[in-house]
Structures are given as structure tokens and as C-alpha cells.
Amino acid sequence: MFKPEKLIFDGKRIDGRTLDQLRPIKIEVDFLKRADGSCYLEMGKNRVVAAVYGPREAYPRHIQDPTKAVIRYRYNMAPFSVEERKRPGPDRRSVEISKVSKEAFEAVIMKELFPRSVIDIFVEVLQADAGSRTACINAASVALVDAGIPMKGMLTSVAVAKVDGVLVLDPMKEEDNFGEADIPFAFLIRGDRIESIALLQMDGRMTKEEIKEAIKLAKKGAMEIYQMQREAIMKKFLEEGENG
Ligand code: ADP
């Protein structure tokens, strides 16, 4: 990838965004017919699909938990989703992303309501441009609502990066590659309030002050994404109502 001389010019980013501006987002609920819940989501050039199955009886039986549902989350990148063809199948990175995303959803899904069950969340990245894990979490959250799975709130995810010494919201590939640091966040949001941080990872270095600022910026971005998630879900249920 070509390294731009500067990532920030006159307070604007190389794609014309201001520092605190998200990439354009598109959300389509109920994208797949066979899944219990599904969502197609675009976040800039990221294009992802989430499919939720369950709750259904966990099988084989030894994976069952008599007190709650088991949550499984699989993040997968299509071989054609990145510039150079990616070898198909799981790798260290996708195993790590699946693990941290699963843990974030475990904090949100009311899994005690479904003992001995499993809830499967599959996310497929069709095209990646940095922040694919955040796009996948946002899609998975909508797909879970579509599947009717009770949750303590919505999980909404966005990253903040440090590039050319300043913080930017929702970094794209060039900013991710050539920036100094990157923090993906996921927040539990309920009734228009951010209740807690369910995921926080960090790549690179930031000062304590910068981290505080990054949290503020991420919260602002997450609230905007949350509104779009809600609108997409409402639109789907309203349309369903109209069509009987
Ligand atoms: P995220 O997509 O959540 O930001 P990373 O920071 O690990 O995760 O990756 C940043 C970006 O790097 C991805 O969105 C993708 O565009 C690219 N990328 C990741 N893995 C690969 C890979 N195996 N081959 C080529 N590009 C990749």
C-alpha cells in the first residue's frame, strides 16, 4: 500500500473526513432467509454479513451448560476480502477476534434464560478495510435482535486511532497501517445510555490522557452507530407489520 506523505491535512483526513467523523454506514436486517437472525452491514469499504442460529439444543451434550446457553462466535475472512488473497480458514488473528468478540457478547446476551442451549454467531467478512471486527460486532448485534435473543442492550463497536499525532474516529486502512496506535472498543448501550465497555484492545502506544480522549471519541461514534442499528431494526419490524 502506498504511504501518503501526511494522513491529516488541514484538519481533514485522506478520505475527506473530519477527525471525529464515521465512515458511511449501511445496515440491512434479515439479509439471509435460513438464519434465525441476520444482518448485512457496510462500514466504509468493510462489507460483512452476520448470521445467528439458536438458541437450540447444544450438541454434543458434553458442551451443554445446565445453567446457561453456550455462545459461539466465528469471525471469518473470505479469501478475496483483502488486497492479497488470504489463505482460507482460521488463523491466529481470526481465532483471537472470535474469542474477544464472543466474550463481549457473553456480557450482553441473557444466556441464563436458555440452559443447555447454544447460540451460534457467524460473521463473514466479504471485504475488509480496517475495523472489520468492529463492523462484524455491529452486524452481529443487529442479527441477534433479529433472531429475538434477549440482551441487556445493544453491543456497538468502533475504533479510535492515533495518526500524525492526533486521534481519529473509525480509522480506515491507510490510517490503520501507517498510524501510531489503534483501539477497537465495544460498548453495551441501553436506552440511549452507554452502560459499560465490553471490549477494548490496543495496538501501539497512547498516553493516559490520549486514552481518556479516545474513550470519549469512541463513545460519541458508538452513539451514532447505535442510532443507525436501532433505525435499521425498527424499519424491518415496521415493514413486517405492514406486510402482515
Ligand atoms: P480489523 O479489521 O478489525 O481492523 P486488523 O487491525 O487485524 O483487524 O486488520 C486491519 C486490516 O488489515 C483488515 O481490516 C484488513 O483490511 C487487513 N488485513 C487483515 N488481515 C489480513 C490478511 N491476512 N491479509 C491481508 N490483509 C489483511
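Before going into details, it helps to say that this report is about the structure given with it. (Residues numbered from 1 in each chain as written. Predicted model: local features only at pLDDT ≥ 70, side-chain atom pairs only at ≥ 80, totals over all residues. Heavy atoms only, no water.)

1. Side note on the overall build of the protein chain
A tally of regular secondary structure across the protein chain gives four helices and twelve strands. Expected size for 244 residues packed as a compact globule is a radius of gyration near 18 Å; at 18 Å, the protein chain falls within 12% of this value. Each principal axis of the C-alpha distribution contributes one length, and for the protein chain these read about 55 × 40 × 35 Å. Across the 244 residues of the protein chain, 48% fall into the buried class. The contacts of the protein chain with a sequence gap of at least 6 include a subset with a gap of at least 24, amounting to 69%. Roughly 12600 Å² of accessible area belongs to the protein chain as shown, and the carbon and sulfur atoms make up 52% of that amount. Side chains of the protein chain give 40 positive and 39 negative charges; the mean places of these two sets differ by 4 Å. (Helix = DSSP H or I, 4+ residues; strand = E, 2+ residues; numbered from the N terminus. Rg over C-alpha atoms; globule rule 2.2 N^0.38 Å. Buried < 20%, exposed > 50% of the residue type's maximum accessible area, 1.4 Å probe, protein only. Contact = heavy atoms within 4.5 Å. Areas by Shrake-Rupley, 256 points an atom, 1.4 Å probe, with all protein chains shown as cover. Lys, Arg positive; Asp, Glu negative; His and termini not counted. Charge placed at Lys NZ, Arg CZ, Asp CG, Glu CD.)

2. Looking at the environment of Ser-117
As for its placement among the helices and strands, Ser-117 is situated in strand E7 (residues 117-127). Residues Ser-117 and Thr-67, spaced 50 residues apart in sequence, show a C-alpha to C-alpha distance of 9.6 Å.

3. Focus on the site of the ligand
All residues adjacent to the ligand are Met-77, Val-82, Lys-86, Arg-93, Ala-128, Asp-129, Ala-130, Gly-131, Ser-132, Arg-133, Lys-173 and Asp-176. Separating an oxygen atom of the ligand from a backbone N or O atom of Ala-128 is a distance of 3.4 Å. Computed on the free molecule, the ligand has an accessible area of 540 Å², of which 76% lies beneath the protein chains in the complex. Among the elements of the structure, helix H2 (132-146) and helix H3 (173-178) are those that each provide at least two residues to the shell around the ligand. Looking at the shell around the ligand residue by residue, the class counts come to four nonpolar, two polar and six charged. (Near = heavy atom within 4 Å. Polar contact = N/O pair within 3.5 Å; in protein donor to acceptor, adjacent residues only side chain to side chain. Nonpolar A, V, L, I, M, F, W, Y, C, P; charged D, E, K, R; others polar.)

4. Structural notes on the nonpolar core
Formed by 61 residues in total, the largest nonpolar core has its most connected members in Tyr-73, Phe-105, Ile-109, Ile-119, Ile-121 and Leu-144. Ignoring anything within four residues of it in the chain, the contact list for Tyr-73 reads Ser-98, Ser-101, Lys-102, Phe-105, Ile-121, Val-123, Cys-136, Ile-137 and Ala-140. (Core = buried A, V, L, I, M, F, W, Y, C linked by side-chain atoms within 4.5 Å.)

5. A look at the sheet that holds E7
Spatial ordering of the open sheet is given by E3-E4-E5-E7-E6, a layout of five strands whose pairing is mixed. Looking at strand neighbours, the two that pair on one side only are strand E3 (25-29) and strand E6 (70-77), the edges of this open sheet. Between one strand and the next, the sheet's axes are offset by a mean angle of 15°, whatever the strand orientation. In this structure, strand E4 (residues 37-43) lies alongside strand E5 (residues 46-57), joined through seven bridges in antiparallel fashion. Opposite Leu-41, over in E5, you have Val-48 as the bridge partner. This element, helix H4 (residues 208-242), spans E3 and E4 of the sheet and lies at about 30° to E3. (Pairing = 2+ DSSP bridges. Axes fitted to C-alpha atoms, helices over the stretch in contact; angles between N-to-C directions.)

6. With respect to a nonpolar patch on the surface
The grouping of Ile-197, Leu-200 and Met-202 at the surface amounts to a nonpolar patch, some 250 Å² of accessible area in total. By the element assignment, Leu-200 lies in strand E11 (residues 193-200). Exposure remark for Leu-200: the relative accessible area of 46% places this residue in the partly exposed category. (Patch = residues over 30% accessible without salt bridge, like charges linked within 9 Å, V, L, I, M, F, W, Y side chains within 5 Å. Salt bridge = Lys/Arg side-chain N within 4 Å of Asp/Glu carboxyl O.)

7. Side note on H2
Counted at 1.5 Å a residue, the expected span for H2 with its 15 residues is 21 Å, and the 21 Å between its end C-alpha atoms agrees. In terms of burial, H2 is largely enclosed, as 14 of its 15 residues are buried. Positive backbone phi, at 75°, marks Gly-148, one or two positions downstream of H2. (Expected span 1.5 Å × (residues − 1).)

8. A few points about the side chain of Gln-229
Among the secondary structure elements, Gln-229 is positioned in helix H4. A polar atom in the side chain of Gln-229 sits 2.7 Å from the side chain of Thr-156. Those residues in contact with Gln-229 that sit more than four places away from it in its chain are Ile-27, Asn-138, Ser-141, Val-142, Met-154, Leu-155 and Thr-156.

9. Describing the packing of aromatic side chains
Aromatic ring pairs are reported here in terms of the distance separating the ring centres and the angle at which the planes meet. Here the structure, examined in full by the defined rule, presents four aromatic pairs. Between Tyr-73 and Phe-105 the ring centres are 5.7 Å apart and the planes differ by 20°, which places this aromatic pair in the stacked class. On the criterion of sequence distance, the pair formed by Tyr-73 in strand E6 and Phe-105 in helix H1 (residues 92-106) is long-range, its members being 32 residues apart. We classify Tyr-73 as buried; its relative accessible area is 8%. On the accessibility criterion, Phe-105 (0% relative accessible area) is buried. Against the face of Phe-237 rests Lys-236, its NZ or CZ located 4.6 Å from the ring centre. (Phe/Tyr/Trp six-rings, centres within 6.5 Å; stacked < 30°, edge-to-face > 60°. Lys NZ or Arg CZ within 6 Å of the ring centre and 35° of its normal.)

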